[in-house]
Structure formats: C-alpha cells, structure tokens
Amino acid sequence: MTKPLRSLVAGCATAVSVGAFLLVAAGSAAANTERDGYLETSEFGLYYNSNSGGCVFDLMSSDWNFYNDLFKGPEGCAGMNRVTNDDTASYRNRDTYTWKVGTDPNLGGYIGSLPPGYVGNASANFKNRITSATFLD
C-alpha cells in the first residue's frame, strides 16, 4: 500500500471512530423516556402522593385515558405499579408547554391548566380524580 493510500485509510478510520463516538454520546444524552418513572426535562409528571412524593407517571405526549397506565419509579416508591387513573395527588410540569388535565377520559369533566414550570398539589376537584392529560402547542 502506498504512503498516500495508507494516510487516507488511517484518516477514514479515525473519522469513522470519532463519528461513532459522537453518535453514542448524543444518543445517551438525548435518552428521554416517558413513562419510566423518572421525571425529566420536557416531561409532565403526575405523582402518587402530595408534594411530588411517591412514584410518578411521566408524560411527553397526550394520554386520553389513564385506565391502563401505572405509576413507576425507584424501587420501593409509594404507589409503585398502581393504576394512575383517579390516583394522582400532585404534579410537576418540566415541559415548555402548558398541560391540561381532565377528570374524565378525553379531557372531559373538570379541566385544569398547568403552565411550564408549575409544581403543586391537586385541588379538591382534581385530587385522585385525574383521568387524562394533553399539552397545548
């Protein structure tokens, strides 16, 4: 193999290695998984207990009916694997969008709005009654 060809091959191998490293680093940094029990940036979280306590149901997209959804989180958190429907005591909005919650499926019943950055306990109309949620563009 000639010297220029060896240099070209070595350069290509280095570029591929750097590119692969950057893809892996970007993939792990961008790993934001909804419904995994960990409230991350760009997510809206509904908590089992008041004051953002216990397990969380974390959303990045609308959910029109919580009947088949479960609270998740670190091992032993209060509410682990309980059905989310009608069992939420507090919420936190880490998204850049306003979220709406409803006490009935398809955002029916009482409807409340939670702006970006909002953290709080559910009022008497919403505590343990939330069944659906969506974000506003």
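Everything that follows concerns the structure shown earlier in this document.
Quick look at the structure, then. (Residues numbered from 1 in each chain as written. Predicted model: local features only at pLDDT ≥ 70, side-chain atom pairs only at ≥ 80, totals over all residues. Heavy atoms only, no water.)

1. Describing the sheet that holds strand β5 (residues 108–114)
A sheet is described by the order of its strands in space; here three strands give the open sequence β5-β4-β7, paired in antiparallel fashion. Either end of the sheet is taken by a strand with one partner, and the two such strands are β5 and β7 (132–135). Averaged over all adjacent pairs, the angle separating strand axes in this sheet is 20°, with direction ignored. By the bridge criterion, four bridges tie strand β4 (residues 99–104) to β7 in an arrangement that is antiparallel. Residue pairing for β7: Gly102 is matched across the bridge by Ser132. (Pairing = 2+ DSSP bridges. Helix = DSSP H or I, 4+ residues; strand = E, 2+ residues; numbered from the N terminus. Axes fitted to C-alpha atoms, helices over the stretch in contact; angles between N-to-C directions.)

2. Section: the state of the cysteines
In this structure the tally under the stated criterion is one disulfide. Disulfide partner of Cys55: Cys77, at an S-S distance of 1.7 Å. For the disulfide bridge between Cys55 and Cys77, the dihedral angle about the S-S bond is near 90°, and by the sign convention the bridge is right-handed. Of the two residues, Cys55 sits in strand β2 (residues 53–59) while Cys77 sits in the loop between β2 and β3 (90–93), which places them 22 residues apart along the sequence. (Disulfide = S-S within 2.5 Å.)

3. Here we look at the side chain of Thr88
Tracing the backbone through its elements, the reader meets Thr88 in the loop between β2 and β3. Discounting residues that sit within four places of it in the chain, Thr88 has contacts with Leu46, Tyr47, Phe71, Ala122, Phe126, Lys127, Asn128 and Ile130. (Contact = heavy atoms within 4.5 Å.)

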